[in-house]
Each structure stands twice: as structure tokens, then as C-alpha cells.
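Secondary and tertiary structure notes
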Amino acid sequence: MFAELYRASGILGNIHYWRTRHGLEVDFIFQYNKKISAIEVKQQAMQKPILPRALCDFIDLYQPTQALVVNSNLSTTKKYNGIEVYWCKPAELKKLL
């Protein structure tokens, strides 16, 4: 997944991760110019848009530009705390960053 994100970024942005003292983590924090995208990767197929707790916490604390939940089959959007959250397949990542 990191390689896909790296290709999608065009090596123009910075890629980090985020972790709390309690062990919650967001897989990737992608920063390009002043745009911040929080990205959580789920290997399993998702039937409905469920927002992981760590991603909720990150959004509440930092108000990123957008958040993405990359998964194998679900493509939809939903707002959480005023932030657009995209559930997307890996192939759709480039157009969202």
C-alpha cells in the first residue's frame, strides 16, 4: 500500500504515520502543500462505511483536509465532524490525493 501511495503522490508530498500513547494509529498521513490527508488501510472487504476509531480521533484533533479509508471493494463518501471521508479502492487513491 505504501508503494501505491508513493506513486500516487508523485513524490511531491510527505508521508508520515500517527500513533497515540494508547496505541491507536492512522496508517498514513499524507501532506502536500497545505493539504493533509489521513489514510487508513483495511484489507478486508467492507459492506458499509465504518469509520475506524483512530481516524475519528485524528480528525477531531487535527481537522485534516480529508480522510480516506482504502479497502478492497467499497467506494462511497460521508462527512465526519465537517471533514469529507472517502472509502475507496487502491486504484482510486491517486485521483483523491
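One can find the structure itself at the top, above this paragraph.
For the structure given in this document, a descriptive report is provided here. A quick note: this is a predicted structure, and the numbers were derived from the prediction, not measured.

Calculation rules
Residues numbered from 1 in each chain as written. Predicted model: local features only at pLDDT ≥ 70, side-chain atom pairs only at ≥ 80, totals over all residues. Heavy atoms only, no water. Helix = DSSP H or I, 4+ residues; strand = E, 2+ residues; numbered from the N terminus. Buried < 20%, exposed > 50% of the residue type's maximum accessible area, 1.4 Å probe, protein only. Contact = heavy atoms within 4.5 Å.

Some details on the overall build of the chain
Looking only at helices and strands, the chain has three helices and six strands in total. The buried share of the chain, taken over its 97 residues, is 39%. Sequence separation of at least 24 residues holds for 43% of the intrachain contacts in the chain that already meet a minimum separation of 6.

Some words on unusual backbone geometry
Not every positive phi belongs to a glycine, and asparagine 33 is a case in point at roughly 55 degrees. Tracing the backbone through its elements, the reader meets asparagine 33 in the loop between strand 2 (25–32) and strand 3 (35–41). Positive phi, close to 50 degrees, is recorded for asparagine 81, a residue that is not glycine. As for its position among the elements, asparagine 81 is in the loop between strand 5 (76–80) and strand 6 (83–88). We classify asparagine 81 as partly exposed; its relative accessible area is 44%.

That's the geometry; what it means functionally is another story.
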